[in-house]
Amino acid sequence: MERLLSVAAGTVGLAVLVWWLLRADGGEQEDGWDSRLAAGRGKPKASSSAETLDLDDLDEDERRALAEVSKKGYYHGRPKSQAAPPPQRLSGGAAPDEAPQRRADFDEFQKKWDRFGDDSFVGDAAK
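Cut-offs used in this document
- Residues numbered from 1 in each chain as written.
- Predicted model: local features only at pLDDT ≥ 70, side-chain atom pairs only at ≥ 80, totals over all residues.
- Heavy atoms only, no water.
- Helix = DSSP H or I, 4+ residues; strand = E, 2+ residues; numbered from the N terminus.
- Buried < 20%, exposed > 50% of the residue type's maximum accessible area, 1.4 Å probe, protein only.
- Areas by Shrake-Rupley, 256 points an atom, 1.4 Å probe, with all protein chains shown as cover.
- Phe/Tyr/Trp six-rings, centres within 6.5 Å; stacked < 30°, edge-to-face > 60°.
- Lys NZ or Arg CZ within 6 Å of the ring centre and 35° of its normal.
- Salt bridge = Lys/Arg side-chain N within 4 Å of Asp/Glu carboxyl O.

Student: Provide a residue-level description of the overall build of the chain, including the pertinent values.
Tutor: When you go through the chain residue by residue, the secondary structure sums to 5 helices and 0 strands. The helix and strand sequence of the chain, counted from the amino end, reads α-α-α-α-α. Taking all 127 residues of the chain together, 6% fall into the buried category. For the chain, the exposed surface amounts to about 12800 Å²; the carbon and sulfur share of it is 56%.

Given below as structure tokens:
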């Protein structure tokens, strides 16, 4: 009897979950729980108040910037870009007759750690 009751409860719960996920209104109610959950997601709700700026406190540069923003809708405040010279090509490199150097030849820290690749050193250090 308990097994039948648990199967029935699970079936009802699954049916309610499927119904809730596939509702025709998309799960959003006007003032219900769903709208509170989705408050930070989706389209922002239009605010009923607009903020005004006190222009008396602005200096001349700020007023010009504000006028540009009002006119264009944006303000970058950076100078016009100028053509830059092309990058210099690197020449030279290692001479072909030289053998490539190992890092341990000029890096003492690398030389220290390369010793651990030698089995005789590792055997001596383990004793």
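Student: I'd like to hear about the packing of aromatic side chains, residue by residue, with values.
Tutor: The description of two aromatic rings rests on the distance between their centres and on the angle between their planes. Across all of its chains, the model carries 2 aromatic pairs by this definition. Both rings, one in phenylalanine 109 and one in tryptophan 113, keep their centres 6.1 Å apart while their planes meet at 70 degrees; by these two values the pair is edge-to-face. Of the two residues, phenylalanine 109 and tryptophan 113 both sit in helix 4 (residues 108–114), 4 residues apart, roughly one turn of that helix. Among the aromatic residues, those joined into a ring-pair cluster are Phe109, Trp113 and Phe116. One Lys or Arg, arginine 23, reaches over the ring of tryptophan 19 and ends 5.4 Å from the middle of that ring.

Student: So what about the pattern of salt bridges? Which residues, and what values?
Tutor: This structure, assessed with the given rule, holds 4 salt bridges. Here aspartate 61 and arginine 64 are joined by a salt bridge, their closest N and O atoms 2.2 Å apart. Within this pair, aspartate 61 and its partner arginine 64 are both found in helix 3 (residues 60–72), separated by 3 residues, close to a single helical turn. Note that aspartate 114 is salt-bridged to arginine 102, the shortest N-O span being 3.5 Å. Of this pair, aspartate 114 sits in helix 4 while arginine 102 is found in the loop between helix 3 and helix 4, placing the two residues 12 residues apart along the sequence. Here aspartate 114 falls in the partly exposed class, since its relative accessible area comes to 33%.

In short, the description is geometric, and any link to function would need to be established separately.
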